[in-house]
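Remarks on the overall topology
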Amino acid sequence: MHALVAIGANLPFEGDAPAETLRRAIRAIAAEGLSVRAVSRFFATPCFPPGAGPDYVNAAIVLEVGAEIDPTSILAALHRIEKQFGRQRNSRWGMRTLDLDLLTLGDSVLPDAETQDAWRGLAPEAQARIAPDRLILPHPRLQDRAFVLVPLADVAPDWRHPRDGRTVAEMLADLPEADRAEVRPL
């Protein structure tokens, strides 16, 4: 089974620029025993939300995981790696030395279809104020974000969202051209 992970950073860590932090983080993911099968190109992306800090470097990776693996175990490993790289969770959508987001685990829908649909349909102003208290898969915002979909299109263009039925390539094509154009390969 495959897991898709978004990776990004917009602050230096231990003197390394964000792109080098991402390279180091990919090695750390492999050292955690997670099998990295594909890595997208790295992209320069505007800070989200706009004006909240320096621009990001974003990418996506594909992990090969056993069917027996628990998604919370993957998330715990990603959080351990973020902590190794100085990640502090002080504010929602704040600046980061490293951000690792578990986007999907195969075609799993967690915790259930109704909850996933509710979070995916949440209005933008509500998204800024509240965060889920549990793991939601697929990530409820992935279809809205060019900085996630452009890198994902490099490594998993045919992955199909289990609730809305669109592929990564289709979700990306549905975004405004201006959003897609802001995501530039490094």
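Residues numbered from 1 in each chain as written. Predicted model: local features only at pLDDT ≥ 70, side-chain atom pairs only at ≥ 80, totals over all residues. Heavy atoms only, no water.

Digging into the pattern of salt bridges
Taken as a whole and assessed by the stated rule, the structure comprises 15 salt bridges. Of the charged contacts, one joins Glu20 and Arg27 as a salt bridge, the two residues approaching to 3.7 Å between their closest N and O atoms. The salt bridge involving Arg180 is made with Glu177; its shortest N-O contact spans 2.5 Å. Residue Arg180 and its partner Glu177 are located together in helix H7 (residues 177–181), separated by 3 residues, close to a single helical turn. What makes Arg180 partly exposed here is its relative accessible area of 22%. One salt-bridge network, held together by shared partners, links Glu14, Asp16 and Arg24. (Salt bridge = Lys/Arg side-chain N within 4 Å of Asp/Glu carboxyl O. Helix = DSSP H or I, 4+ residues; strand = E, 2+ residues; numbered from the N terminus. Buried < 20%, exposed > 50% of the residue type's maximum accessible area, 1.4 Å probe, protein only.)

Section: unusual backbone geometry
Note that the residue after Leu110, namely Pro111, is joined by a cis bond; omega there is -5 degrees. Locating Pro111 in the fold gives a position in the loop between strand E5 (99–105) and helix H3 (113–120). In this structure, the amide linkage connecting Leu137 to the following residue, Pro138, adopts the cis form with an omega of -10 degrees. Within the secondary structure layout, Pro138 lies in the loop between helix H4 (124–129) and helix H5 (146–155). Of note in the backbone geometry, Glu14 takes a positive phi value of approximately 50 degrees without being a glycine. When you line up the elements, Glu14 lands in the loop between strand E1 (2–9) and helix H1 (18–31). Owing to a relative accessible area of 60%, Glu14 belongs among the exposed residues under this scheme.

A word on the environment of Asp16
When you line up the elements, Asp16 lands in the loop between E1 and H1. Put simply, Asp16 and Arg163 are 147 residues apart on the chain and 39 Å apart in space, counted from C-alpha to C-alpha. With sequence-adjacent residues up to four places away left out, Asp16 is seen in contact with Thr21 and Arg24. Within polar-contact distance, the side chain of Asp16 engages the side chain of Arg24 at 2.7 Å. (Contact = heavy atoms within 4.5 Å. Polar contact = N/O pair within 3.5 Å; in protein donor to acceptor, adjacent residues only side chain to side chain.)

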